[in-house]
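Secondary and tertiary structure notes
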Amino acid sequence: STSPSRPRFLSQYPQKQFDHEYVQQELLGKGTFGVVRRCWHKYSNTTRAVKIIDVTQLKGSAMDDLEREISIQGRAGWKGVVGILDVFAW
């Protein structure tokens, strides 16, 4: 079952530990809902920009916007749209 702090739509993503796969590096930017950090992916030995969002702070339409953003970015391949490689939800 889904915990109260974990949005239902995130239940489709496995609960896994971000720190097991990534090493956080410097802050690249801040937004309304979170931050973007440069991170090193341990298994592929690549550097990635990672958006980190505290979903416990999102309410109502903001949660709907996040769900829509994940859905759109999950269909990467459009020019100018950054794709999602992974989602960590805990």
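Described below are features of the structure shown in this document. Since this is a predicted model, take the numbers as computed values, not measurements.

**Concerning the overall build of the protein chain**
Scanning the protein chain from terminus to terminus reveals 2 helices and 3 strands. Listed by position from the N terminus, the elements making up the protein chain come as α-β-β-β-α. The buried share of the protein chain, reckoned over its 90 residues, is 22%. About 6,500 Å² of surface is accessible on the protein chain, with carbon and sulfur atoms providing 51% of the total.

**Focus on the nonpolar core**
Counting 7 residues, the largest nonpolar core consists of Val55, Leu58, Ala62, Met63, Leu66, Ile70 and Val87. With 5 residues, the next largest nonpolar core counts Phe18, Tyr22, Cys39 and Phe88 among its residues.

**What to know about the environment of alanine 62**
Inspection of the secondary structure assignment puts alanine 62 in helix α2 (residues 61-73). Each C-alpha atom, one on alanine 62 and one on phenylalanine 33, is 8.6 Å from the other, the two residues being 29 residues apart in sequence.

**Structural notes on the pairing of strand β3 (residues 46-53)**
Bridge count between strand β2 (residues 34-41) and β3: 8 bridges; the pairing is antiparallel. Bridge pairing in β3 links valine 35 to isoleucine 52. Counted between consecutive antiparallel strands, the loop separating β2 from β3 contains 4 residues, among which asparagine 45 sits at a positive phi close to 55 degrees.

**Description of the pattern of salt bridges**
Using the criterion set out here, one finds 2 salt bridges in the structure. Between arginine 38 and glutamate 26 there is a salt bridge, with the nearest N and O atoms lying 2.5 Å from each other. In this pair, arginine 38 is assigned in strand β2 and glutamate 26 in strand β1 (residues 22-30), connecting sequence segments 12 residues apart. For arginine 38, a relative accessible area of 33% corresponds to the partly exposed category. For glutamate 26, a relative accessible area of 39% corresponds to the partly exposed category. The salt bridge partner of arginine 68 is aspartate 65, with a shortest N-O separation of 2.5 Å.

**Side note on unusual backbone geometry**
In most cases, non-glycine residues show a negative phi, while peptide bonds are predominantly trans. Unlike most non-glycine residues, asparagine 45 shows phi in positive territory, near 55 degrees. With respect to the helices and strands, asparagine 45 occurs in the loop between β2 and β3. Using a relative accessible area of 57% as the deciding quantity, one classes asparagine 45 as exposed.

Rules behind the numbers
Residues numbered from 1 in each chain as written. Predicted model: local features only at pLDDT ≥ 70, side-chain atom pairs only at ≥ 80, totals over all residues. Heavy atoms only, no water. Helix = DSSP H or I, 4+ residues; strand = E, 2+ residues; numbered from the N terminus. Buried < 20%, exposed > 50% of the residue type's maximum accessible area, 1.4 Å probe, protein only. Areas by Shrake-Rupley, 256 points an atom, 1.4 Å probe, with all protein chains shown as cover. Core = buried A, V, L, I, M, F, W, Y, C linked by side-chain atoms within 4.5 Å. Pairing = 2+ DSSP bridges. Salt bridge = Lys/Arg side-chain N within 4 Å of Asp/Glu carboxyl O.

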